[in-house]
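Residue-level structural notes
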Amino acid sequence: FGEPAFCNFQQHTVWYRFNPTQTGPVSTMLQTPFFSTLAVFAGTSLNDLSFVGCTFNFNLMSFTAFAGQTYYIQLQTDQPSIGVFQLLPPPPPQAGFGFFPFDPSTFDNVQFFDQSFDPAGVGIQTRSWSFGDGSSATGPNPTHRYTVDGDYLVTLSVTTFDGRSGSTSQTLHVRTRDVAIMRFQTPAVGMAGKSSRITV
């Protein structure tokens, strides 16, 4: 009775105390066959808690755990059951990107689109691009124009708000195909007020 209920209050609870020895990101997850929640608190005892965050059954939650700080993790469920509780280092972000046009020439400004994802849910903070020709950029959706045909290895590196990083690369094929006018087909005569077809 009287337990904190920041996310949801269920009848059955279990508490887990965590004392990290070094500062770094941590991920938690609770898996039970019934509806359940997981809440993280920081404090010196169960009577002196400050709320850190919460999540629901089968959802990953990440937070930065500071060395020397005690954390209390509250597991709640609406039915007595056997569950799995995980406290792990979070996975790295999954870097990914697309671009347009798909067959660029030296006349095109290539638009890049960041499609990265952080499975820990903390979010992507920085994005660094290397376009393979010595040029670079930052931000989610840069543009770049290549001056010479060739195959360029484009690399995107991302960093999360809690310091995890990931990267990915794709080869971009730049090909410029010259287009020339080969023939005009025009009518032999024309008349005022009448349209005529010209084929190029």
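Only a predicted model underlies this, so the values are computations on that prediction, with no experimental measurement involved. (Residues numbered from 1 in each chain as written. Predicted model: local features only at pLDDT ≥ 70, side-chain atom pairs only at ≥ 80, totals over all residues. Heavy atoms only, no water.)

1. Description of the overall build of the chain
Rules: Put simply, DSSP H or I for four residues or longer makes a helix, DSSP E for two residues or longer makes a strand, and each gets a number counted from the N terminus. The size measure is the radius of gyration over C-alpha atoms, and the globule rule it meets is 2.2 Å times the number of residues to the 0.38 power. Categorising residues by exposure relies on relative accessible area from a 1.4 Å probe, with only protein chains included: less than 20% of the type maximum marks a residue as buried, more than 50% marks it as exposed, and the intermediate range marks it as partly exposed.
Secondary structure assignment for the chain yields zero helices and 14 strands. Each helix and strand of the chain, ordered N terminal to C terminal, gives the series β-β-β-β-β-β-β-β-β-β-β-β-β-β. Whereas a compact globule of 200 residues would reach a radius of gyration of roughly 16 Å, the chain reaches 29 Å, over 25% beyond that. Judged by the C-alpha coordinates and their principal axes, the chain covers about 100 × 40 × 25 Å. Per-residue burial over the chain gives 34% buried out of 200 residues.

2. Some words on unusual backbone geometry
Most peptide bonds adopt trans geometry, and most residues besides glycine take a negative phi value. Of note, the bond from F100 into P101 is cis; its omega dihedral lies within 30 degrees of zero at 0°. In this fold, P101 is placed in the loop between β8 (97–100) and β9 (110–114). The backbone of F58 sits at a positive phi, close to 70°, despite the residue not being glycine. Locating F58 in the fold gives a position in the loop between β4 (48–56) and β5 (61–65).

3. Concerning the pattern of salt bridges
Convention followed: Note on definitions: salt bridges are taken to be side-chain nitrogens of Lys or Arg within 4 Å of carboxyl oxygens of Asp or Glu.
For the structure shown, the criterion picks out four salt bridges. One salt bridge connects D151 with R175, and the closest N-O pair in it is separated by 2.9 Å. A residue pair is termed long-range when its members are at least 10 positions apart, and D151 in strand β13 (residues 150–160) and R175 in the segment after β14 (165–174) qualify at 24 residues. What makes D151 partly exposed here is its relative accessible area of 47%. D162 is the partner of R164 in a salt bridge, and the nearest nitrogen-oxygen pair spans 3.1 Å. Residue R164 shares its accessibility class with D162, and that shared class is buried. One network of salt bridges, with partners in common, ties together D118, D162 and R164.

4. Considering the confidence of the model for the chain
As a reminder, the rule being used: Residue-level confidence of the predictor is what pLDDT reports, using numbers from 0 through 100.
For the chain, mean pLDDT is 90; residues scoring 70 or higher make up 99% of the total. Averaged pLDDT values for the elements of the chain fall to 87 in β5 and rise to 98 in strand β12 (residues 143–144).

5. Re the side chain of S36
On the secondary structure map, S36 appears in strand β3 (residues 36–45). Since its relative accessible area comes to 0%, S36 is described here as buried.

6. Considerations on the pairing of β13
Stated precisely, the cut-off is as follows: Strands are labelled as partners when DSSP assigns at least two bridges between them.
Side-chain alternation along β13 places G150, Y152, V154, L156, V158 and T160 on a buried face and D151, L153, T155, S157 and T159 on a face that remains uncovered. As judged from the six bridges shared by strand β10 (residues 124–130) and β13, these two strands associate in the antiparallel manner. Bridging across to β13, W129 finds its partner in L156. Two elements, β13 and β14, share ten bridges in a ladder whose sense is antiparallel. Opposite L153, over in β14, you have T171 as the bridge partner. Counted along the chain from β13 to the antiparallel partner β14, the turn is four residues long, and its residue G163 has a positive phi close to 95°.

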